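These are the residues of each chain, in order.
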Amino acid sequence: MESDEQLALQAQRGDQQALLTLAERFYPLMFRYLYRMGGGNRMLAEDLTQDVFLRMQRGLARYEYPRPFKTWLYTIATNLARDHWSLADTRRNDNSDSAELEADSTQISGEAALIKQEDAARVRSALAALPELQRQAVLLYYYEELSQLEIAAAADVPLGTVKSRLFAGLRRLREIMQGEER
């Protein structure tokens, strides 16, 4: 199996199959990340994910080996999401289909499923309440499983900034979750 970086180099040389393979590998990751960044809005996540891959295709000539391709693609997604939310006419809204991504594929009892959905909804709500940069760091680290160094590269910030955003984001999440329990 070829590495993402090898596929990116092949795609730069015009290999359409390599480009398709990259899109197939990363579409679910980008969609999930943008879905969570957008507070569970499926239609928005689909639109933004499509835009990520259009930008990937247009900007592939600027990808520089040996930079990790995954980090490069998360940079595109992060910038696209940031640009979207910086528009004055953009408003966040909750979407009832958000439980789909949180649901486990195994069958669980109705009561356990309800509790799991309620817990997932509380976490989504708490994440949506975080400032964008803290939410971004928490999502990339805990949900997308990027290292702190990868997050720093994707966000184009120093490692210390990522650490402080994670620390502040987790502290704020804890405060929000504890406030909801009261």
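Residue indices begin from 1 for each chain and proceed along its sequence in written order. Under the rules for a predicted model, residues below a pLDDT of 70 receive no local features and side-chain atom pairs below 80 are neither given nor counted, while totals for whole chains, interfaces and linings still include all residues. Water and hydrogen atoms were dropped before computing side-chain values, which therefore reflect all heavy atoms in the structure.

### Some thoughts on the nonpolar core
For our purposes a nonpolar core is just a set of buried Ala, Val, Leu, Ile, Met, Phe, Trp, Tyr and Cys residues, chained together by side-chain atoms within 4.5 Å. Burial here depends on accessible area, computed with a 1.4 Å probe over protein chains only, as a share of the maximum for the residue type. Under 20% is buried, over 50% is exposed, and the range in between is partly exposed. Ranked by internal contacts, the top residues of the largest apolar core, which has 45 residues, are Tyr33, Val52, Met56, Phe69 and Leu73. A run of H or I in DSSP counts as a helix once it spans at least four residues, and a run of E counts as a strand once it spans at least two, with each numbered from the N terminus. For this core, the elements supplying multiple residues, two or more each, are α1 (4–12), α2 (16–37), α3 (42–59), α4 (69–86), α6 (110–129), α7 (132–143), α8 (148–155) and α9 (159–181). Contact between two residues is taken to exist if any of their heavy atoms lie within 4.5 Å; hydrogens are not considered. Setting aside residues up to four positions removed in sequence, Tyr33 forms contacts with Tyr74, Ala77, Thr78, Gln136, Leu139, Leu140 and Glu144.

### Overview of the confidence of the model for the protein
Overall, the predicted model of the protein reaches an average pLDDT of 85, with 81% of residues at or above 70. Considering only residues more than four positions removed or in separate chains, one finds that residues 91–108, a stretch of pLDDT under 50, has 32 contacts. Here pLDDT means the predictor's own confidence in every residue, given as a number from 0 to 100.

### Let's talk about unusual backbone geometry
The bulk of non-glycine residues show a negative phi, and the bulk of peptide bonds are trans. For the peptide bond that leads from Tyr65 to Pro66, omega is 15°, which places it in the cis range. Although it is not a glycine, Asp156 adopts a positive phi angle of roughly 55°. Following the sequence through the fold, Asp156 ends up in the loop between α8 and α9. Looking at Asp156, the relative accessible area reads 70%, which means it is exposed.

### Quick notes on the side chain of Glu5
On the secondary structure map, Glu5 appears in helix α1. Counting of polar contacts relies on pairs of N or O atoms within 3.5 Å, with two restrictions inside protein: one atom must be capable of donating a hydrogen and the other of accepting it, and residues adjacent in sequence are counted only when both atoms are side-chain atoms. A distance of 3.0 Å separates a polar side-chain atom of Glu5 from the backbone nitrogen of Phe69. In contact with Glu5, other than residues within four places in its own chain, are Tyr63, Tyr65, Pro66, Arg67, Pro68 and Phe69.

### A few points about the pattern of salt bridges
Side chains that carry opposite charge are capable of pairing whenever their charged atoms lie near each other. Note on definitions: salt bridges are taken to be side-chain nitrogens of Lys or Arg within 4 Å of carboxyl oxygens of Asp or Glu. Scanning all chains against the criterion turns up 5 salt bridges. Salt-bridge contacts for Arg32 lead to Glu144; the nearest nitrogen and oxygen are separated by 3.0 Å. Placement of Arg32 in helix α2 and of Glu144 in the loop between α7 and α8 is noted, with a sequence separation of 112 residues between them. Residue Glu144 is classed as buried on the basis of its relative accessible area of 4%. Bridged by salt links that share partners, the residues Arg32, Arg36 and Glu144 form one connected network.

### Considering α4
Taking 1.5 Å of rise per residue, the 18 residues of α4 would be expected to cover 26 Å, and the 26 Å separating its terminal C-alpha atoms lies within 8% of that figure. Buried residues of α4: Phe69, Thr71, Trp72, Leu73, Tyr74, Thr75, Ile76, Ala77, Thr78, Leu80, Ala81 and Trp85, and no others. Packing partners of the buried residues in α4 comprise α1, α2, α3, α7 and α8. To estimate how far a helix should extend, the number of its residues minus one is multiplied by 1.5 Å.

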